[in-house]
Amino acid sequence: MRDEADRLDEQRWIQELHQKYRRGRRSQRRLVTGVQTAILLLLFVLWEIAGRMKWIDVLLFSYPSKIFTQIGKDAVSGELWGHVGVTVGETMAGFLLGTLLGTLLAVLIWWSPFLSKVLDPYMVVFNSMPKVALGPIFIVMFGAGFTAILMTTLSITVIITTLVVYNSFQEVDSNLIKVVRTFGGSRRDTFQKVILPASFPAIVSTLKVNVGMAWVGVIVGEFLVAKNGLGYLIIYGFQVFNFTLVMSSLLIIAIVATLMYQAVVYVEHRLLAGRPHR
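Per-chain numbering applies: the sequence of each chain, read as written, is numbered from 1 onward. With pLDDT at 70 or above as the cut-off, local features in this predicted model cover only qualifying residues; side-chain atom pairs require 80 or more to be listed or tallied, and sums for whole chains, interfaces and linings still use all residues. Water and hydrogen atoms were dropped before computing side-chain values, which therefore reflect all heavy atoms in the structure.

Draft legend 1. How the structure looks around the overall build of the protein. Each helix is a run of H or I in the DSSP string that is no shorter than four residues. Each strand is a run of E no shorter than two, and both are numbered from the N terminus. Counting its regular elements, the protein contains twelve helices and zero strands. Along the protein, helices (α) and strands (β) appear in the sequence α-α-α-α-α-α-α-α-α-α-α-α when read from the amino end. The globule rule used here is 2.2 Å times the number of residues to the 0.38 power, and the radius of gyration it is set against is calculated over C-alpha atoms. In terms of C-alpha radius of gyration, the protein reaches 25 Å, well past the compact-globule figure of 19 Å for 278 residues. A principal-axis box enclosing the C-alpha atoms of the protein has dimensions of 80 × 55 × 30 Å. Residue contacts follow a heavy-atom distance rule, with two residues in contact if any of their heavy atoms lie within 4.5 Å. Counting contacts in the protein only where the partners sit at least 6 residues apart, residues at least 24 apart contribute 71% of the total. Only carbon and sulfur atoms are counted for the fraction: they give 67% of the accessible area of the protein, which is about 17300 Å². Separation of charge centres in the protein, based on 26 positive and 17 negative side chains, amounts to 1 Å. Where accessible areas are quoted, they stem from the Shrake-Rupley method and a 1.4 Å probe; at the residue level, only the protein chains shown are allowed to cover. Charge assignment: positive for Lys and Arg, negative for Asp and Glu; neither His nor the chain ends contribute. Every charge is mapped to an atom, namely NZ of Lys, CZ of Arg, CG of Asp or CD of Glu.

Draft legend 2. Region of the structure containing a positive patch on the surface. Here a patch means residues that are over 30% exposed by relative accessible area and free of salt bridges, tied together within 9 Å if like-charged and within 5 Å if nonpolar (Val, Leu, Ile, Met, Phe, Trp, Tyr). Salt bridges, as used here, are contacts in which a Lys or Arg side-chain nitrogen is within 4 Å of a carboxyl oxygen on Asp or Glu. Taken together, the side chains of Lys20, Arg22, Arg23, Arg26, Arg29 and Arg30 make up a positively charged region of the molecular surface. Within the fold, Arg29 resides in helix α1 (residues 2-52). With relative accessibility at 46%, the residue Arg29 sits in the partly exposed group. Exposure is judged per residue with a 1.4 Å probe applied to protein chains only, and the accessible area is read against the type maximum: over 50% gives exposed, under 20% gives buried, and values in between give partly exposed.

Draft legend 3. Quick look at unusual backbone geometry. Phi is positive for Lys54, close to 65°, though the residue is something other than glycine. Positive phi outside glycine occurs at Phe241, with the angle close to 60°. Examined against the element boundaries, Phe241 turns out to sit in the loop between α11 (230-239) and α12 (243-271).

Draft legend 4. Structural context of the side chain of Thr162. As for its placement among the helices and strands, Thr162 is situated in helix α7 (residues 146-170). Taking relative accessible area as the criterion, Thr162 reaches 0% and is therefore assigned buried. Not counting the four nearest positions on each side in its chain, Thr162 is found in contact with Gly102, Leu105, Ala106, Ile109 and Met123.

Draft legend 5. Structural context of helix α5 (residues 113-128). The end-to-end C-alpha distance of α5, which contains 16 residues, comes to 23 Å, matching closely the 22 Å that a straight helix rising 1.5 Å per residue would cover. Here the bend at each residue means the angle between axes fitted to two seven-residue stretches, the one ending at that residue and the one beginning there. At Leu119, α5 is bent by approximately 40°, the largest bend along its length, and proline Pro121 sits one to four residues beyond. To estimate the expected span of a helix, count its residues, drop one, and scale the result by 1.5 Å.

Draft legend 6. Quick look at the layout of surface pockets. When its volume is computed, the second largest pocket comes out at roughly 330 Å³. Elements with a minimum of two residues in the lining of the second largest pocket: α1 and α12. The class makeup of the residues in the lining of the second largest pocket is six nonpolar, four polar and no charged. Here the term cavity refers to a set of points on a 1 Å grid, laid over the protein atoms alone, in which a 1.4 Å probe fits but cannot get out; the term pocket refers to an open set having protein on both sides within 12 Å along at least five of seven lines, with lining residues being those that place an atom within 4 Å of a point. Grid points are joined across faces, edges and corners, and a volume is the space filled by probe spheres set on the points. All amino acids are sorted into three groups, where Ala, Val, Leu, Ile, Met, Phe, Trp, Tyr, Cys and Pro are nonpolar, Asp, Glu, Lys and Arg are charged, and the leftover types, Gly among them, are polar.

Draft legend 7. View of the packing of aromatic side chains. Ring pairs shown here join Phe, Tyr and Trp side chains whose ring centres sit within 6.5 Å, with only the six-membered ring taken for Trp; geometry is labelled stacked below 30 degrees between planes, edge-to-face above 60, and tilted in between. Under the counting rule described, the total for this entry stands at eleven aromatic pairs. Between Phe44 and Trp47 the ring centres are 6.1 Å apart and the planes differ by 20°, which places this aromatic pair in the stacked class. In this pair, Phe44 and Trp47 are both assigned in helix α1, three residues apart and thus about one turn of the helix distant. Seen in terms of ring centroids, Phe241 and Phe243 are 6.1 Å apart; in terms of plane orientation they differ by 75°. Their pairing is edge-to-face. You can call Phe241 exposed: its relative accessible area is 58%.

Draft legend 8. Local environment of helix α3 (residues 64-77). If you check α3, its first and last C-alpha atoms are 20 Å apart, about what 14 residues at 1.5 Å a residue would give, namely 20 Å. Once α3 finishes, Gly78 follows within two positions and takes phi at roughly 90°, a positive value.

Draft legend 9. A look at the nonpolar core. Counting 24 residues, the largest nonpolar core has Ile71, Phe95, Val211, Trp215, Leu230, Ile252 and Ile253 as the members making the most contacts within it. The element best represented in this core is α12, accounting for ten residues. Aside from chain neighbours lying at most four places away, what touches Ile253 is Trp215, Ile219, Leu230 and Ile234. Ala106, Val107, Phe169 and Phe191 belong to the second largest nonpolar core, which has 15 residues in total. Throughout this description, the term nonpolar core refers to a set of buried Ala, Val, Leu, Ile, Met, Phe, Trp, Tyr and Cys residues connected via side-chain atoms within 4.5 Å.

Draft legend 10. Focus on the pattern of salt bridges. This model, assessed by the stated rule, comprises one salt bridge. Put simply, Glu48 and Arg52 hold a salt bridge, and the shortest N to O gap is 2.6 Å. One end of the pair is Glu48 and the other is Arg52, both in helix α1 and four residues apart, which spans about a single turn. By relative accessible area, Glu48 is classed as buried at 15%. Arg52 sits in the exposed class, given a relative accessible area of 52%.

What follows is the structure in structure tokens.
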């Protein structure tokens with residue numbers, strides 16, 4: 001009976017310790033979110049004051065109340081939603097397709113050491129090329145439209161994804177690979193049971209990086225060819241000296257990019273649930 005009571009006491013102690021740990025993590029998340037929100041609000045307040053007091057050039061930098069008025073006016077008129085929809089659609093396509101193609105290319109290179117040696121210098125050189133310079137080439141090849149913008153985005157996201165994911169494959173503990181092969185596992189077994197699971201953190205990190213890279217690729221493409229989209233609004237705002245329109249477009253990009261990043265964080269929590277925190 002005493003052993004049973006001791007066991008129950010130990011279980012209760014472990015449960016209390018786990019609950020205390022979870023409360024601590026929730027408290028820390030709330031604190032981080034609160035500080036982030038406070039910093040953001042403070043920046044907006046200082047920006048508003050600086051604009052109204054003429055401490056900054058309002059022609060160039062505008063200020064929050066004017067920017068939100070611009071967004072509200074365009075939203076009510078319906079003009080804004082078409083531009084946002086076009087850019088978000090292009091960004092999601094470039095983000096998802098770039099991550100998928102880059103990961104598949106990394107798998108292919110890992111599977112064939114010969115192919116890895118052949119392609120390695122080409123990937124390094126292509127990654128170092130200025131992607132803006134490739135934009136006109138894509139326009140000539142694919143026309144001034146969605147395909148050219150998508151290809152500009154893929155030129156940024158695919159190579160970065162390939163390099164990061166392939167390097168994560170290479171850094172997997174060799175002892176784990178030896179264990180699988182010792183028990184007669186094939187290269188496919190090694191990849192499925194060791195390489196891919198161990199590389200999930202790197203793949204998720206690549207998703208986070210590609211959120212920003214996809215936006216860069218799409219906006220650069222829209223600068224060059226688009227007749228609608230947020231990139232087009234930025235260029236149009238510069239042309240007519242409406243910098244409030246420029247800043248409002250940048251603010252919308254920041255908001256949507258933040259939402260995409262939070263979606264990736266949610267995927268990270270789902271994929272990496274149960275893994276030890278570092």
